[in-house]
Amino acid sequence: MIRSAVNRPAVMWALAVALLLAGSIAFTRLPLATRTAVELPRLNVNATWSGASPEVMKAYGSSRWCGLKKARAANGIT
């Protein structure tokens with residue numbers, strides 16, 4: 001097999017191109033279930049603090065989440 005590949009490189013190139021073409025055609029015909037979009041989970045946080053103003057809740061409640069958002073944005077995660 002190696003001897004025939006060395007003696008006839010054009011045939012080996014044709015086989016390689018045919019294999020590449022067959023693989024790309026097979027990939028386009030895969031079922032859609034294998035190429036589904038992934039939806040990331042969402043996190044909802046509810047907090048109650050009786051007697052606190054909305055500004056105080058925002059300041060104390062979202063400070064960690066804002067830091068997390070900035071860190072994720074720096075890493076390229078949306």
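Each helix and strand counted, the chain has 4 helices and 0 strands in total. Each helix and strand of the chain, placed in order from N terminus to C terminus, yields the pattern α-α-α-α. Within the chain, buried positions represent 0% of all 78 residues.

Take the confidence of the model for the chain next. When pLDDT is averaged along the chain, the result is 78; 72% of the residues meet or exceed 70. Helix α4 (residues 63-74) is the least confidently modelled element of the chain, averaging 61 in pLDDT, while helix α2 (residues 9-28) averages 92, the highest of any element.

Scoring rules and cut-offs
- Residues numbered from 1 in each chain as written.
- Predicted model: local features only at pLDDT ≥ 70, side-chain atom pairs only at ≥ 80, totals over all residues.
- Heavy atoms only, no water.
- Helix = DSSP H or I, 4+ residues; strand = E, 2+ residues; numbered from the N terminus.
- Buried < 20%, exposed > 50% of the residue type's maximum accessible area, 1.4 Å probe, protein only.
- pLDDT = per-residue confidence, 0-100.

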